[in-house]
Amino acid sequence: MQDLMAQTPPMGWNSWNTFMEDLDEKTLREVAISLKEQGFLEAGYNYFCLDDGWEDKNRHVGQGVDYDKKKFPSGMKAFGDFLHDLGFKFGIYSCAGTLTCCNYPASYGYEYEDAARFAEWGVDLVKYDNCHVPDDANGMFLYRRMGQALRETGRPILYSMCNWGFDASETWARSTGAHIYRIGLDSRDTWENFETVLNSIGKVNLTAYSGASCFADPDFLIAGMNGEGAVSNLGEEIGPNAGYNVYKMQFSLWCMICAPLIMSHDPRKTTSDTKNILLNKELLEVSQDPASIPAYLCKIDKQEETHRSKNTVWAKPLHNGDIVVGLFNRNDRPTIITAAFNSLGWLMSDTVEACDLWEHKSIGVSRGYINAEVPARDCAVFRLRRKK
Ligand code: GLA
């Protein structure tokens, strides 16, 4: 059962960026209902994930970690049932160390009893963090241990490994049974943070280390945060929030590189702009393409692209022979960006039909290359089909 999960990138919502550890069942129920009412569940965002802060401060040895009775008066099983009845899958959080990142009891030394408890509650996803790991512990062994504990529950539980890409974790994530694994630090709602996250993406060879059943995770989608939320810009150079175009860039790239699509804004405050991004059907289809081939960086103008370039061209082959090309402009001025067909596997003499996935319209036929003037800190994304 386990290895059949995550054949395409998992989608959902996580509590961290909006609520931090300030969780309560009543608000979370509202959030879940709001996600459903606004069409996010139907669009595929089906994992509803509690992050840190749901745990009771005391651990009763032999019983597995417990939940905070004040925050979850109806109990975790009932909360999971409520989510399942709405049609969601239930995600929860723990950590490989002695305490979680917010200092709640974590699973080090209790992996098997905690996993059993999660299964009893009907949990469908466990995010497993990396704080307070004892100095003499081997991180890879600890992630394998929780992966093993989850498989032995007999319940299909999606395993979300969160060690921030330390210890070249892309090379061993799959050995733990992880279905998704973080490759960098936390996402925040600023341009500076987005650039940092882009650099973490550039350091991992995605085409070698990300694919069906084990996807690289550059962290949450920030679309819709609009400068709100408990950790919107915590710990960063506090600056303006990233804003519409950057949200659009992040969402486009995440769909192209097969990143998990885990939203983090407060759904009760969803604006129509936010829906334009997160419910962009054509891009969701790109994300969920059954071939699950992550986008690669292309060459432009005969120069080798690097992730640090201010203009980047990413290309993602789809299962039906179409290719999605994303032109990303990290400059603070508009720039013409070009993708040549010979870098995509086509010939310069080929002609393609192109659809603009943000303008939602065909832009006609192109031969040899496609280009566009991309506004500052923005992107253009085209789906191309070769004419035969
Ligand atoms: C770490 C993780 C975040 C979040 C917090 C919770 O920082 O990277 O995603 O889970 O811990 O404490």
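If you're wondering where the values come from, they're calculated on a predicted model, not measured in any experiment.

## Quick notes on the environment of methionine 11
Piece 1. Mapped onto the elements of the fold, methionine 11 is located in strand β1 (residues 11–14).
Piece 2. Looking at methionine 11, the relative accessible area reads 4%, which means it is buried.
Piece 3. Linking methionine 11 and arginine 155, residues 144 residues apart in sequence, is a C-alpha distance of 19 Å.
Piece 4. In contact with methionine 11, not counting residues within four places along its chain, are Ala43, Gly44, Tyr45, Asn46, Tyr47, Leu261, Ile262, Leu284 and Gln288.

## Brief notes about the side chain of serine 252
Piece 1. Looking at the element boundaries, serine 252 is found in helix α10 (residues 244–256).
Piece 2. A distance of 2.7 Å separates a polar side-chain atom of serine 252 from the backbone oxygen of lysine 248.
Piece 3. Residues within four places of serine 252 in sequence aside, it is in contact with Leu283, Phe328, Trp358, Cys379 and Val381.

## Describing the site of the ligand
Piece 1. Lining the immediate environment of the ligand, one finds Trp16, Asp51, Asp52, Tyr93, Cys101, Cys102, Lys127, Asp129, Cys162, Trp164, Arg182 and Asp186.
Piece 2. Side-chain polar atom of aspartate 51 to an oxygen atom of the ligand: 2.6 Å apart, as the coordinates give it.
Piece 3. The contact in question runs from an oxygen atom of the ligand to an N or O atom on the side chain of arginine 182, over 3.3 Å.
Piece 4. Across the complex, the protein chains shield 93% of the 310 Å² of accessible surface that the ligand would expose by itself.
Piece 5. Counted by class, the shell around the ligand contains six nonpolar, no polar and six charged residues.

## Some remarks on the packing of helix α5 (residues 111–120) against helix α6 (residues 139–152)
Piece 1. Direction vectors running N to C along α5 and α6 enclose 40 degrees, while the axes themselves pass 9 Å from each other. When the axis of α5 is compared with that of α6, the two are oblique. Between α5 and α6 lies a crossing whose hand is right-handed. Of α6, the residues touching α5 (which contributes Glu111, Tyr112, Ala115 and Phe118) are Leu142, Arg145, Met146, Gln148, Ala149, Leu150 and Glu152.
Piece 2. Considered class by class, the residues forming the contact of α5 with α6 number seven nonpolar, one polar and three charged.

## Concerning the pairing of strand β10 (residues 311–317)
Piece 1. Across the seven residues of β10, six count as buried, placing the element largely inside the fold.
Piece 2. Of the pairings in the sheet, the one linking β10 to strand β11 (residues 323–329) comprises seven bridges and is antiparallel in character. Opposite tryptophan 314, over in β11, you have glycine 326 as the bridge partner.
Piece 3. Taken together, β10 and the strand that follows it, β11, pair antiparallel across an intervening segment of five residues, in which glycine 321 is found at a positive phi of about 95 degrees.

## Notes on the sheet that holds strand β13 (residues 351–356)
Piece 1. A sheet is described by the order of its strands in space; here six strands give the open sequence β9-β10-β11-β16-β13-β14, paired in antiparallel fashion. Both edges of this open sheet fall to β9 (296–297) and β14 (361–367), since each of them pairs with a single strand only.

## Focus on the pairing of β11
Piece 1. Buried residues dominate β11, accounting for seven of its seven residues.
Piece 2. With burial as the criterion, each face of β11 is covered, one bearing Ile323, Val325, Leu327 and Asn329 and the other bearing Val324, Gly326 and Phe328.

How each quantity is defined
- Residues numbered from 1 in each chain as written.
- Predicted model: local features only at pLDDT ≥ 70, side-chain atom pairs only at ≥ 80, totals over all residues.
- Heavy atoms only, no water.
- Helix = DSSP H or I, 4+ residues; strand = E, 2+ residues; numbered from the N terminus.
- Buried < 20%, exposed > 50% of the residue type's maximum accessible area, 1.4 Å probe, protein only.
- Contact = heavy atoms within 4.5 Å.
- Polar contact = N/O pair within 3.5 Å; in protein donor to acceptor, adjacent residues only side chain to side chain.
- Near = heavy atom within 4 Å.
- Areas by Shrake-Rupley, 256 points an atom, 1.4 Å probe, with all protein chains shown as cover.
- Nonpolar A, V, L, I, M, F, W, Y, C, P; charged D, E, K, R; others polar.
- Axes fitted to C-alpha atoms, helices over the stretch in contact; angles between N-to-C directions.
- Parallel < 35°, antiparallel > 145°, perpendicular 65-115°, else oblique.
- Left-handed = near helix turned anticlockwise from the far one by under 90°.
- Pairing = 2+ DSSP bridges.

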